[in-house]
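Inside the fold
Spelled out from the first residue to the last, the chains are:
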There are 2 protein chains.
Amino acid sequence: MTAATTDGAGAVLPLGELHGSLADPLMEVMNFLNEITLRYPDAISFGPGRPYEGLFEVDRIGEYLQAWTRYLAEDLGQGPDQVRTTLFQYGRTNGQIHGLIARTLHNDEGIDADPASIVVTVGCQEGMLITLRALFAGPDDVLLVTDPNYVGIMGAARVLGVETAPVTEDEGGVDLDALRRVIHSLRAAGKRPRALYTVPDFSNPSGTCMPVERRHELLALADAEDLLILEDNPYGFFTRTDAVRPTLKALDTRRRVVHLGSFAKTCFPGARVGYVIADQTVVAPDGRHTLLADELSKIKSMVTVNTPTLSQALIGGMLVTHDCRLREANAPAIAFYRDNLDVLLESLEAHFPAALRERTGIHWNAPEGGFFLTLTLPFPADDALLELSAREHGVLWAPMRYFHTDDSGDNRLRLSCSYLSPEQIREGVSRLAVLVEKGLAQ
Amino acid sequence: MTAATTDGAGAVLPLGELHGSLADPLMEVMNFLNEITLRYPDAISFGPGRPYEGLFEVDRIGEYLQAWTRYLAEDLGQGPDQVRTTLFQYGRTNGQIHGLIARTLHNDEGIDADPASIVVTVGCQEGMLITLRALFAGPDDVLLVTDPNYVGIMGAARVLGVETAPVTEDEGGVDLDALRRVIHSLRAAGKRPRALYTVPDFSNPSGTCMPVERRHELLALADAEDLLILEDNPYGFFTRTDAVRPTLKALDTRRRVVHLGSFAKTCFPGARVGYVIADQTVVAPDGRHTLLADELSKIKSMVTVNTPTLSQALIGGMLVTHDCRLREANAPAIAFYRDNLDVLLESLEAHFPAALRERTGIHWNAPEGGFFLTLTLPFPADDALLELSAREHGVLWAPMRYFHTDDSGDNRLRLSCSYLSPEQIREGVSRLAVLVEKGLAQ
């Protein structure tokens, strides 16, 4: 077998000879969600879970960078040359703002993490990739994921060739009985259930939220079954009700939880800064102890070398400016997302009244927070319907089948209300209602 | 086998149950090179190949960001909201500055690349990782690397489980006869030699430079043997003599070359911006054509989602400010590195005179450019000697054995002169001379 055939212009690569992940439709979903809005600029998009931009001022970038250099000079006592080195040069692999992140986690989440256990990553996505790479050693290791699930974790698993197994979820998140069954059947098949990936707060795509009691039960199950938990928490701040639940990491007394965090929704997506709390002890054959964070550092050094110092300067400047209290700094954003979710729910109620719902089976969930809800239609919500929706009705959304381990027929669609104005949400739902009306008429 | 044992404090992970790459000493070299300077702040470091900081002014960051937003508004006609979206939001997976990079490659390298074939990456390192992931499909695919070689490509291969095979090099870079032999023996063993990774200009770590004639021969060999070439070009600008050689990509008429580029040495390492030119055609089973860049996009979306818009804004602003002509903008840097390499060679000549060299076998190469040269001692240049050198003599360098596929005894060390002042280089070599003197006396 040759590496490449040729045509008149030179090398041609058969897709079948490239890495297997590239033939998996899953691998195109992230790009689809990021780029569909560029393809239909005039459509109202309930598609990607992007943060709202209206609260952000370009001019503040300079202020935040100055806050960072002032912090380096005044708080860390760096001279002008050191400040230049910190900003300009290759930096510490695991990051420069790990101490500020630890303080913020203490203030906002009640998580007390040793800064040495924190890895600053190029967005949460790199955190997922390096964590999977470190923890999954061989073909028997299996990653458990709720079904439906976040495409980013599935994609990272595909890129690394990590086997995944779906676990059903209900309105309270991962179903613990189903989780036990999957663990035991995998063990019976000679596999090693290595870790469970979960988004306890307002999951993407479902919008489910795990009750506190189940969080305790999940941690106990993880300890009993010797399972690690990869907790992803991008939306925790954004509650619709006032109930704030402790993260799994805040409740983790047995170091079962690797916590994945992101500043994309709370600060600045364009900075691409996330982090991993990896405080597990790793023991080498010679008895030497390291932190999992130290092992992640080796992998990160071969993926991106280090997170851009410029991005860390911006996020670091924001953290310093807000005294390492992002929950308070995000009060306007929290209110905005809460109101948007309320507007979306009201609009659905208005356009899909009870009588229609009873007749057609149309229904949706009412998440207690986050960016997403799922709407169930009486007919398939597939690419063909999305294409029609975008072209004829000027409204975009995400088919839930994109988020299943198999794309078995699914009538549900994901609606994101995070970066629209209330007016756009109302108009978008009315356009959606026309699409559904026509679908029902057929 | 369980995922983790526990101690009093909770989960403990045996290193042997983590990914195999983590047990490979190679995986610590990048961190070593990035962090040793932090461990010995007072030592003169010939260790990491870092760019010189003296030519950089922190205050210019604001100017470059403004140049970018001005470009978006005036040249691309973006309104204030679009500018904010471009800066703030998740962006196009393959980047925002691909058009400016294409113009710069035309001006500086005579490379005419379709912007659609360019992937903007988080440093060249991410470019290597996603390119290897796309091209290496299975256990039979082998990456050919010169020996000694750049640790970043070896590490990326380890992280992905890609098999590597060493090819010997001489002063002119990769030995083509050896390359043919390795290709044929791999094929005879049922393997697929997929691609060769090479740094034709002033390679890291050796400082070798490939003559133009051999570049043509290598391209012909690649076509004849159906091999791809991964060309990495971080140092091409930095010539000591005035001879500028065309890159392999500039000579590539058959799309055999995937070109890996970086702005770390020519602009700003802290931005972590690199790129891949991947203009090969990929053909799907259904006959659909894409560019290799489109396939890389799928993988990048699962590694970092997109390169930070802030980093792209800074580099984009620099490119706009310098009219997409970095070679001219780098004239002071080119002169600085040229002078430094001259000073290093003069200092070695002064401290290790001909008589001593004849008696002891001490020798070094005289690269025509770049950041590195290799010094051969009459005794092993190993970790123990480096430790002694750092602690007792206040001078750092990199053992060449770090850059071999096996760490078989090597008396050579790599000296980088890129981020020292001429005075530091002279002082550093005199300290090195004392170290060597003591070694000879034993």
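Going by what an unreviewed UniProt entry lists, chain A is known as (S)-3,5-dihydroxyphenylglycine transaminase and is assigned to Streptomyces netropsis. Listed in UniProt under the heading Cofactor (unreviewed entry), the comment for chain A reads: "pyridoxal 5'-phosphate".

**Focus on the overall build of chain A**
For chain A, the count of helices and strands is 16 helices and 18 strands. In terms of overall dimensions, chain A is globule-like: its C-alpha atoms have a radius of gyration of 23 Å, near the 22 Å expected for 442 residues. On the principal axes, the C-alpha backbone points of chain A span a range of 70 × 65 × 55 Å. The burial tally for chain A puts 64% of its 442 residues in the buried class. Taking all contacts inside chain A whose residues are at least 6 apart in sequence as the whole, residues at least 24 apart take part in 72%.

**A few points about the side chain of threonine 208 of chain B**
Residue and element names in this part refer to chain B. Take threonine 208: it is sitting in the loop between strand E8 (192-198) and helix H8 (212-225). By relative accessible area, which is 4% here, threonine 208 ends up buried. In terms of polar contacts, threonine 208 uses its side chain to reach the side chain of glutamate 169, at 3.5 Å. Once residues within four sequence positions are removed from consideration, threonine 208 is found in contact with Glu169, Asp170, Glu171, Gly173, Val199, Pro200, Asp201, Phe202 and Ser203.

**What to know about the nonpolar core**
A general trend in soluble globular proteins is that nonpolar side chains are found buried together. Counting residues in each nonpolar core, the largest one holds 268 residues, and the members touching the most others are Leu143 of chain A together with Leu143 of chain B. In contact with leucine 143 of chain B, not counting residues within four places along its chain, are Leu132, Phe136, Ile153, Ala157, Val162, Glu163, Thr164, Ala165, Ala195, Tyr197 and Leu230 of chain B. Counting residues in each nonpolar core, the second largest holds 22 residues, with Val142, Val167, Leu179 and Leu219 of chain A among its members.

**Focus: the sheet that holds strand E14 (residues 363-364) of chain B**
Residues and elements named next belong to chain B. Spatially, the 4 strands line up as an open sheet ordered E14-E15-E18-E17, and their pairing is antiparallel. The open sheet has two edge strands with one neighbour each: E14 and strand E17 (398-399). Bridge analysis of E14 against strand E15 (residues 372-376) gives 2 bridges, and the strand direction is antiparallel. The residue of E15 that forms the bridge with tryptophan 364 is leucine 375. Here helix H13 (residues 331-351) sits on the sheet and contacts E14, E15 and strand E18 (412-416); the angle it forms with E15, its principal contact strand, is near 15°.

**A look at the packing of aromatic side chains**
Summed over the entire model, instances satisfying the criterion amount to 32 aromatic pairs over all chains. Relative to phenylalanine 238 of chain B, the ring of phenylalanine 237 of chain B has its centre 6.3 Å away and its plane inclined at 70°; by these criteria the two rings are edge-to-face. When the centroid spacing of 6.5 Å and the interplanar angle of 75° are considered together, the rings of tyrosine 402 of chain B and phenylalanine 403 of chain B count as edge-to-face. According to the relative accessible area criterion, tyrosine 402 of chain B is buried, its value standing at 16%. Under the relative-accessibility criterion, phenylalanine 403 of chain B is labelled buried at 1%. Clustering of aromatic rings is evident, with ring pairs tying together Tyr52, Tyr235, Phe237, Phe238, Phe336, Tyr337, Phe371 and Phe372 of chain A.

**Examining the relation of the copies chain B and chain A**
Between chain B and chain A, which share one sequence, the superposing operator has a rotation angle of 180° and an axial displacement of 0.0 Å; the RMSD is 0.0 Å. Viewed as a symmetry operation, the transformation between the two copies matches a two-fold axis. Most of the interface of chain B is mirrored in chain A: 100% of its interface residues are interface residues there too.

**So, the sheet that holds strand E8 (residues 192-198) of chain A**
All names here are of chain A. Reading across from one edge, E4-E11-E10-E9-E8-E5-E6-E7 is the order of the 8 strands in this open sheet, with mixed pairing throughout. Across the chains shown, the open sheet's two edge strands, defined by having one partner strand only, are strand E4 (118-122) and strand E7 (173-174). Note: strand E10 (residues 257-262) against strand E11 (residues 273-277), 4 bridges, orientation antiparallel. When the sheet's bridge partners are listed, glycine 261 is paired in E11 with tyrosine 275. Contacts from helix H7 (residues 176-188) reach strand E5 (141-147), strand E6 (163-170), E7 and E8, with the element oriented near 155° to E6.

**Here we look at the interface of chain B and chain A**
Contact with chain B, which involves 101 residues of that partner, is made by 101 residues of chain A. Overall, the association of chain B and chain A removes approximately 9,000 Å² of surface from exposure, summing both partners, and the carbon and sulfur fraction of that is 60%. Of all residues in chain B, Phe88, Tyr90 and Met302 of chain B give up the largest surface area on contact with chain A, accounting jointly for 10% of the area buried on that side. In this structure, the salt-bridge partner of arginine 192 of chain A is glutamate 17 of chain B, at a minimum N-O distance of 2.7 Å. In this assembly, chain B and chain A are joined by 42 residue pairs in polar contact (both at pLDDT 80 or more). Of the residues forming the side of chain B that touches chain A, the biggest block, 7 residues, is contributed by helix H1 (residues 26-39) of chain B. Pairing between strand E12 (residues 281-283) of chain A and strand E2 (residues 10-14) of chain B: 3 bridges, direction parallel.

**So, the confidence of the model for chain A**
As a general rule, the predicted coordinates of low-pLDDT regions are not to be interpreted in detail. Chain-level statistics for chain A give a pLDDT mean of 93 and a share of 97% at 70 or above. Interface predicted TM-score (ipTM) for the complex: 0.95; the corresponding pTM is 0.95.

**Some remarks on the pattern of salt bridges**
Residue and element names in this part refer to chain A. Per the stated rule, a full pass over the model turns up 56 salt bridges over all chains. Notably, a salt bridge pairs arginine 288 with aspartate 286, separated by 3.8 Å at the nearest N-O pair. The exposed category is assigned to aspartate 286, whose relative accessible area is 59%. It is possible to trace a salt-bridge network through shared partners that takes in Asp223, Asp226, Arg254 and Arg256.

**Concerning the domain arrangement of chain A**
Residues and elements named next belong to chain A. According to the domain assignment, chain A consists of domain 1 (18-47 + 331-441) and domain 2 (62-328). On a C-alpha basis, the centroid separation for the pair domain 1 and domain 2 is 28 Å. Each side of the interface is counted separately: domain 1 has 31 residues, and domain 2 has 31 residues. Counting the surface lost from both domain 1 and domain 2, the interface buries some 2,700 Å², and carbon and sulfur atoms represent 59% of this. Along the contact surface separating domain 1 from domain 2 lie 3 salt bridges. A salt bridge links arginine 158 to aspartate 24, with the nearest nitrogen and oxygen atoms 2.6 Å apart. Where domain 1 touches domain 2, the interface holds 16 residue pairs in polar contact (both at pLDDT 80 or more). The element contributing the most residues to the side of domain 1 that touches domain 2 is helix H13 (residues 331-351), with 9 residues. Classifying every residue of the side of domain 1 that touches domain 2 gives 17 nonpolar, 8 polar and 6 charged.

**Quick word on the pairing of strand E6 (residues 163-170) of chain B**
All names here are of chain B. Where strand E5 (residues 141-147) meets E6, 6 bridges bridge the pair, whose relative direction is parallel. Its bridge partner being in E6, aspartate 147 is matched across the sheet by threonine 168. Once you follow E5 into helix H6 (residues 151-160) and on to E6, the crossover reads as right-handed. The sheet contact formed by E6 and strand E7 (residues 173-174) spans 2 bridges and is antiparallel.

**A closer look at unusual backbone geometry**
Negative phi values dominate among residues other than glycine, just as trans dominates among peptide bonds. All names here are of chain A. Omega for the peptide link from asparagine 204 to proline 205 comes to 15°, which places this bond in the cis form. Summarising the element assignment, proline 205 is placed in the loop between E8 and helix H8 (212-225). Unlike most non-glycine residues, phenylalanine 202 shows phi in positive territory, near 60°. Looking at the secondary structure, you find phenylalanine 202 in the loop between E8 and H8. Exposure remark for phenylalanine 202: the relative accessible area of 2% places this residue in the buried category.

Quick notes on the rules
- Residues numbered from 1 in each chain as written.
- Chains lettered and ligands numbered in written order.
- Predicted model: local features only at pLDDT ≥ 70, side-chain atom pairs only at ≥ 80, totals over all residues.
- Heavy atoms only, no water.
- UniProt positions renumbered as here; feature names shortened; annotations may be inferred.
- Helix = DSSP H or I, 4+ residues; strand = E, 2+ residues; numbered from the N terminus.
- Rg over C-alpha atoms; globule rule 2.2 N^0.38 Å.
- Buried < 20%, exposed > 50% of the residue type's maximum accessible area, 1.4 Å probe, protein only.
- Contact = heavy atoms within 4.5 Å.
- Polar contact = N/O pair within 3.5 Å; in protein donor to acceptor, adjacent residues only side chain to side chain.
- Core = buried A, V, L, I, M, F, W, Y, C linked by side-chain atoms within 4.5 Å.
- Pairing = 2+ DSSP bridges.
- Axes fitted to C-alpha atoms, helices over the stretch in contact; angles between N-to-C directions.
- Phe/Tyr/Trp six-rings, centres within 6.5 Å; stacked < 30°, edge-to-face > 60°.
- Least-squares fit on C-alpha atoms with pLDDT ≥ 70 in both.
- Buried area = accessible area lost by both parts, 1.4 Å probe.
- Salt bridge = Lys/Arg side-chain N within 4 Å of Asp/Glu carboxyl O.
- pLDDT = per-residue confidence, 0-100.
- Domains from an automatic or database assignment.
- Nonpolar A, V, L, I, M, F, W, Y, C, P; charged D, E, K, R; others polar.
- Right-handed = clockwise from strand over helix to strand, strands pointing away.

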